[in-house]
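A closer look at the structure
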Amino acid sequence: FKMGNLWLQRNDFEKAKESFEYVISLNSNSPQVCNNLGFTYLLQKSYNNALSCFQKAIELDPRSVFALRNLAICYKKLGNEDMAIDLLIRVKQLNV
């Protein structure tokens, strides 16, 4: 997990993706890892893969503000502004 974050900081998205995928192969029940893998896909403009990862992260932790926010960004990039707005409203409600 830490190596994936390090690769993200260095903008080496392919190595970050490999690191997060490896961690998920060991334990697929980590919302943080799913979110970070999704964020890596988002940075690579692989929006459908990102969408799946963020949805998995939210399935594991429905109150994950980071995954909800990232999912909203992903929906915006895919042209679904209504869904993006709904998710951002949900994030705001969780942050109150």
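Whatever comes next refers back to the structure up there.
Residues numbered from 1 in each chain as written. Predicted model: local features only at pLDDT ≥ 70, side-chain atom pairs only at ≥ 80, totals over all residues. Heavy atoms only, no water.

Residues Leu-71 and Cys-74 are the most contacted members of the largest nonpolar core, which totals 26 residues. Mapped onto this core, the elements with two or more residues apiece are α1 (2-9), α2 (13-26), α3 (31-43), α4 (47-60), α5 (65-77) and α6 (81-95). The biggest single contributor to this core is α4, with 7 residues. (Core = buried A, V, L, I, M, F, W, Y, C linked by side-chain atoms within 4.5 Å. Buried < 20%, exposed > 50% of the residue type's maximum accessible area, 1.4 Å probe, protein only. Helix = DSSP H or I, 4+ residues; strand = E, 2+ residues; numbered from the N terminus.)

Another aspect to go through is the state of the cysteines. If you walk through the whole model with that rule in mind, you get 0 disulfides. Left without a disulfide partner, Cys-53 is nearest to the cysteine sulfur of Cys-34, which lies 6.4 Å away. Just so you know, Cys-74 is unpaired, no disulfide at all, and the nearest cysteine sulfur is the one on Cys-53, 9.4 Å from it. For Cys-74, a relative accessible area of 0% translates into the label buried. (Disulfide = S-S within 2.5 Å.)

If the charged atoms of two oppositely charged side chains come close together, the side chains can form a pair. What the rule picks out here adds up to 3 salt bridges. We note a salt bridge from Lys-56 to Glu-59, for which the minimum N-O separation is 3.9 Å. Of this pair, Lys-56 and Glu-59 both sit in helix α4, 3 residues apart, which is roughly one turn of the helix. Note on Lys-56: relative accessible area 28%, which makes it partly exposed. Measuring nitrogen to oxygen at the nearest pair gives 3.2 Å for the salt bridge that ties Lys-76 to Glu-81. Looking at Glu-81, the relative accessible area reads 44%, which means it is partly exposed. (Salt bridge = Lys/Arg side-chain N within 4 Å of Asp/Glu carboxyl O.)

Before going further, it helps to spend a moment on the packing of α3 against α4. Orientation of α3 relative to α4, taken along the N-to-C sense of each, is 165 degrees, at an axis distance of 8 Å. Here α4 runs roughly antiparallel to α3, going by the angle between their axes. Considering only the axes of α3 and α4, their crossing is left-handed. Here Pro-31, Cys-34, Asn-35, Leu-37, Gly-38, Phe-39, Tyr-41 and Leu-42 of α3 come into contact with α4, specifically with Tyr-47, Asn-49, Ala-50, Cys-53, Phe-54, Lys-56, Ala-57 and Leu-60. Partitioned by chemical class, the residues of the contact of α3 with α4 number 12 nonpolar, 3 polar and 1 charged. (Axes fitted to C-alpha atoms, helices over the stretch in contact; angles between N-to-C directions. Parallel < 35°, antiparallel > 145°, perpendicular 65-115°, else oblique. Left-handed = near helix turned anticlockwise from the far one by under 90°. Contact = heavy atoms within 4.5 Å. Nonpolar A, V, L, I, M, F, W, Y, C, P; charged D, E, K, R; others polar.)

Contact pair α4 / α5: the axes reach a minimum separation of 9 Å and the direction vectors enclose 155 degrees. One element, α4, and the other, α5, form an angle in the roughly antiparallel class. In the crossing of α4 with α5, the sense of the turn from one axis to the other is left-handed. Counting all contacts with α4, which are made through Tyr-47, Ala-50, Leu-51, Phe-54, Gln-55, Ala-57 and Ile-58, the residues of α5 involved are Ala-67, Leu-68, Asn-70, Leu-71, Cys-74, Tyr-75 and Lys-77.

Right, let's get into the side chain of Ser-64. Relative to the helices and strands, Ser-64 is located in the loop between α4 and α5. We classify Ser-64 as buried; its relative accessible area is 11%. Here the side chain of Ser-64 touches Ala-67 through a polar contact of 3.2 Å, landing on its backbone nitrogen. (Polar contact = N/O pair within 3.5 Å; in protein donor to acceptor, adjacent residues only side chain to side chain.)

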